[in-house]
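Take a look at the letters that make up each chain.
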Amino acid sequence: MNEKTSPLGAWNYCSSSALKRASRQLSQLYKDVLAPSGLTITQYALLTQIKLGGATPLKLLAKTMVMDLSALGHTLKPLQRDGLVELISDDRDRRVKRVRLSDKGEQLWHEAHSLWLDAQARFDAAFGKEASDNLRRTMDLLASPAFATAFNAARPVEE
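Quick caveat: nothing in here was measured; it's all calculated off a predicted structure. (Residues numbered from 1 in each chain as written. Predicted model: local features only at pLDDT ≥ 70, side-chain atom pairs only at ≥ 80, totals over all residues. Heavy atoms only, no water.)

1. Some thoughts on the nonpolar core
Ranked by internal contacts, the top residues of the largest apolar core, which has 20 residues, are L46, I50, L76, L79 and V85. If you list the elements that add at least two residues to this core, you get α2 (41–53), α3 (58–64), α4 (69–81), β3 (97–101) and α5 (103–127). In this view, I50 contacts T56, L61, L76, V85, V99, R100 and L101; residues no more than four positions away in its chain are not counted. (Core = buried A, V, L, I, M, F, W, Y, C linked by side-chain atoms within 4.5 Å. Buried < 20%, exposed > 50% of the residue type's maximum accessible area, 1.4 Å probe, protein only. Helix = DSSP H or I, 4+ residues; strand = E, 2+ residues; numbered from the N terminus. Contact = heavy atoms within 4.5 Å.)

2. Digging into the side chain of Q43
Tracing the backbone shows Q43 in helix α2. In contact with Q43, other than residues within four places in its own chain, are G38, P78 and L79.

3. Quick notes on a nonpolar patch on the surface
A grouping of L19, L141, L142, F147 and F151 is seen on the molecular surface, where their side chains present a nonpolar patch of about 450 Å² in accessible area. At the level of elements, α6 (129–142) and α7 (145–153) are the ones that each hand at least two residues to the nonpolar patch. Checked against the element boundaries, L141 lands in helix α6. (Patch = residues over 30% accessible without salt bridge, like charges linked within 9 Å, V, L, I, M, F, W, Y side chains within 5 Å. Areas by Shrake-Rupley, 256 points an atom, 1.4 Å probe, with all protein chains shown as cover. Salt bridge = Lys/Arg side-chain N within 4 Å of Asp/Glu carboxyl O.)

4. Describing α2
End to end, α2 covers 18 Å across 13 residues, agreeing with the expected 18 Å (1.5 Å per residue, within 8%). Where α2 ends, the next residue or the one after it, G54, has phi of about 70 degrees, a positive value. (Expected span 1.5 Å × (residues − 1).)

5. Considerations on the sheet that holds strand β1 (residues 56–57)
If you trace the three strands from one edge of the open sheet to the other, you get β1-β3-β2, paired in antiparallel fashion. Strand pairing shows two members of the sheet lacking a second neighbour, β1 and β2 (85–89), which therefore form its edges. Here β2 runs beside β3; their pairing, made up of five bridges, is antiparallel. Following the sheet pairing, L87 is matched in β3 by V99. Packing against the sheet, α2 makes contact with β1, β2 and β3, and its axis sits at approximately 100 degrees to β3. (Pairing = 2+ DSSP bridges. Axes fitted to C-alpha atoms, helices over the stretch in contact; angles between N-to-C directions.)

6. Brief notes about the pairing of β3
Taken together, the two bridges between β1 and β3 define a ladder with antiparallel strand orientation. Within β3, the residue paired with P57 across the bridge is R98.

7. Here we look at the layout of surface pockets
Of the volumes computed, that of the largest pocket is approximately 2,000 Å³. Lining of the largest pocket is provided by 39 residues; of these, S23, A45, M139, D140 and A143 occupy positions nearest its centre. The dominant element in the lining of the largest pocket, judged by the number of residues it contributes, is helix α1 (residues 15–34), at 12 residues. Considering only residue class, the lining of the largest pocket consists of 21 nonpolar, 12 polar and six charged. Empty space within the second largest pocket amounts to approximately 180 Å³. Residue lining of the second largest pocket: A22, Q25, L26, L29, Y30, V33, A119, R122, F123 and A126, and that is the complete set. Looking at the lining of the second largest pocket, the elements that each hand over two or more residues are α1 and α5. Grouping the amino acids of the lining of the second largest pocket by side-chain chemistry returns eight nonpolar, one polar and one charged. (1 Å grid on protein atoms, 1.4 Å probe; cavity = no way out; pocket = protein on both sides within 12 Å on 5 of 7 lines; lining within 4 Å. Points joined across faces, edges and corners; volume = space filled by probe spheres on them. Nonpolar A, V, L, I, M, F, W, Y, C, P; charged D, E, K, R; others polar.)

8. Topic: the packing of α5 against α6
Relative orientation of the contacting elements α5 and α6 amounts to 110 degrees, with a least axis distance of 6 Å. In terms of orientation, α5 and α6 fall into the roughly perpendicular class. Between α5 and α6, the contacting residues are Q120, F123, D124 and F127 on the first element and K129, A131, S132, L135 and R136 on the second. (Parallel < 35°, antiparallel > 145°, perpendicular 65-115°, else oblique.)

The analysis is restricted to geometry; functional conclusions fall outside its scope.
Encoded structure:
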């Protein structure tokens, strides 16, 4: 496919491809700002979810992050190795594993959070605050189980 066959250009013929391309660009920009913390944007987002959720069950954390458990485990390993997060057993059901920030993780999260605030302010300034808010709402919708259900149930409109 070339620009002549697609009025939107080669990257915009597919919503998923366009979104991945934008995501790679934003991830790199945020990564550069977060670099002094040593965290990637995915690690920062994961630490933020853990911080907000307290001792979060792994299954719930994976669902929140729209990850499968093995991908979550892979992402958590370096954070565990570096002493930033701890896995603990649930008080009521020992089979359920929960993850929480360690004291070291709390400290690093606070350092990374101030860097992230800078990245977020840059994004809002470059993209526009209202557009940024709208974009996040749209991304929340796309990441929701309700959207996945609607997508799977949808059938293309016949022309």
